[in-house]
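Remarks on the overall topology
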Amino acid sequence: MRIYITGIRGQLGAALRLSLDGHTVEGGDLPDWDMTDRGQVLETFEAFRPDAVVHAAALTAVDYCAEHPREAVRINGVGTYNVAAATEAVGALLVAISTNEVFDGLAQAPYQEYDPRHPVNAYGYSKFVAEQVAEKLCSRTMIVRTAWLYAQGGTNFIHKMLARSKAGQTSKVVTDEVSSPTYAADLADGLRKLIEIGGRGIFHLVNEGACSRFEFAQE
């Protein structure tokens, strides 16, 4: 299969490049490829003619999104609009990567794919917009929600905790935020399987188990 990865230099994009060995893979990322540039996105897809597009590019900094909510919607919402429209134009499968942040976090049990979305922060809202855009614009769509992604490369929660520890700094970490930390390589392998079987609809794809941010930091 011919597979295009948006955000290919990110944690997930890099893991996907390895996991999709055997397929023809290309991808784009900042600064030379910008999903908010509709013309560039369409031109890229028309030239590559992908069978599937894994849309992993996103503005994921939660605190930054809270301070810049319009920018979050412009990048995650409008950017996804451009990717979804171009994917539909070339007849490819859209695999839109989403997040647990589309939920409000009030449930007392793990969220199911069919649970109603109710984001409570700017990042979650921008991804809620992205999900709706993907569903409405592309006839072949798979939305994959994940949580607390980490990898050996890039910057994530583990790296931040290690950096503070090595610097002799004390960290205050919450106990009331619980989710399933997910290793990027495992997520990439799961995505490969879903793409190869032609999955459609919404999927929750995380590693087994759950913990609080505090427990994650302790480990």
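The following refers to the structure shown. (Residues numbered from 1 in each chain as written. Predicted model: local features only at pLDDT ≥ 70, side-chain atom pairs only at ≥ 80, totals over all residues. Heavy atoms only, no water.)

Turning our attention to the overall build of the chain. Check the secondary structure of the chain and you find 8 helices and 10 strands. Evaluated residue by residue, the chain yields a buried proportion of 43% over its 219 residues. Here the contacts in the chain between residues at least 6 apart in sequence split such that 72% fall between residues at least 24 apart. Of the accessible surface of the chain, which amounts to about 11,500 Å², a share of 50% is contributed by carbon and sulfur atoms. Of the side chains in the chain, 20 bear a positive and 27 a negative charge, and the two mean positions are spaced by 2 Å. (Helix = DSSP H or I, 4+ residues; strand = E, 2+ residues; numbered from the N terminus. Buried < 20%, exposed > 50% of the residue type's maximum accessible area, 1.4 Å probe, protein only. Contact = heavy atoms within 4.5 Å. Areas by Shrake-Rupley, 256 points an atom, 1.4 Å probe, with all protein chains shown as cover. Lys, Arg positive; Asp, Glu negative; His and termini not counted. Charge placed at Lys NZ, Arg CZ, Asp CG, Glu CD.)

The subject of this paragraph is the side chain of Thr87. Checked against the element boundaries, Thr87 lands in helix H4 (residues 69-89). Setting aside residues no more than four positions away along its own chain, Thr87 makes contact with Phe45, Val53, Ala92, Leu93, Leu94 and Cys138.

This part is about the packing of aromatic side chains. Within this structure, the stated rule accounts for 9 aromatic pairs. Residues Phe103 and Tyr111 carry aromatic rings whose centres are separated by 4.2 Å and whose planes lie at 5 degrees to one another, so their mutual orientation is stacked. On the accessibility criterion, Phe103 (5% relative accessible area) is buried. Put simply, the rings of Trp148, Tyr150, Phe157, Tyr183 and Phe216 pair up and form one aromatic cluster. When the ring centre of Phe48 is taken as reference, the NZ or CZ atom of Arg2 above it lies at 4.3 Å. When the ring centre of Trp148 is taken as reference, the NZ or CZ atom of Arg213 above it lies at 3.9 Å. (Phe/Tyr/Trp six-rings, centres within 6.5 Å; stacked < 30°, edge-to-face > 60°. Lys NZ or Arg CZ within 6 Å of the ring centre and 35° of its normal.)

Here we take up helix H7 (residues 184-197). In a regular helix each residue adds 1.5 Å, so 14 residues correspond to 20 Å; H7 covers 20 Å between its end C-alpha atoms and thus fits that length. Taken residue by residue, H7 has Ala184, Leu187, Ala188, Gly190, Leu191, Leu194 and Ile195 as its buried positions. Axial view of H7: buried residues confined to an arc of 165 degrees, hence all on one face. Opposite the packed face of H7, turned more than 90 degrees from it, sit the exposed residues Lys193 and Ile197. (Expected span 1.5 Å × (residues − 1). Arc of directions from axis to C-beta.)

What follows covers the nonpolar core. Formed by 26 residues in total, the largest nonpolar core has its most connected members in Trp33, Phe45, Val83 and Leu94. The set of elements that each furnish at least two residues to this core consists of helix H2 (38-48), H4, strand S4 (93-99) and helix H5 (122-137). What Val83 contacts, discounting residues up to four positions off in sequence, is Thr6, Trp33, Met35, Val41, Phe45, Val53, His55 and Leu94. Ranked by size, the runner-up nonpolar core spans 21 residues in total, among them Val54, Val95, Met142 and Ala151. (Core = buried A, V, L, I, M, F, W, Y, C linked by side-chain atoms within 4.5 Å.)

Right, let's talk about the pairing of strand S2 (residues 24-28) for a bit. Taken together, the 5 bridges between strand S1 (residues 2-6) and S2 define a ladder with parallel strand orientation. By the bridge assignment, Ile5 is partnered in S2 with Gly27. (Pairing = 2+ DSSP bridges.)

An α-helical turn contains 3.6 residues, so any two residues separated by three or four positions project in the same direction. All of the buried residues along H2 are Val41, Thr44, Phe45 and Phe48. Down the axis of H2, the sector holding all buried residues measures 90 degrees, keeping them to one side. Of the residues in H2, the exposed ones pointing more than 90 degrees away from the buried face are Glu43 and Ala47. Following H2 by one or two positions, Arg49 adopts a phi angle in the positive range, close to 55 degrees.

Judged by pairing direction, the sheet is parallel, and its 6 strands sit side by side in the order S2-S1-S3-S4-S5-S9 without closing on themselves. Single-partner strands in this sheet number two, and they are S2 and strand S9 (201-204). Neighbour-to-neighbour, the strand axes of this sheet turn through a mean angle of 20 degrees, independent of strand direction. Strands S4, strand S5 (141-146) and S9 of the sheet are contacted by H5, whose axis makes an angle of about 160 degrees with S4. The sheet strands contacting H7 are S1, strand S3 (52-55), S4, S5 and S9, and the helix crosses S5 at an angle near 160 degrees. (Axes fitted to C-alpha atoms, helices over the stretch in contact; angles between N-to-C directions.)

The next point concerns the pattern of salt bridges. According to the stated counting rule, one finds 6 salt bridges in the structure shown. One salt bridge connects Arg9 with Asp32, and the closest N-O pair in it is separated by 2.9 Å. Highlighted residues: Arg9 in the loop between S1 and helix H1 (11-19) and Asp32 in the loop between S2 and H2, separated in sequence by 23 residues. Each of Arg117, Glu131, Glu135 and Arg145 takes part in a single network of salt bridges with overlapping partners. (Salt bridge = Lys/Arg side-chain N within 4 Å of Asp/Glu carboxyl O.)

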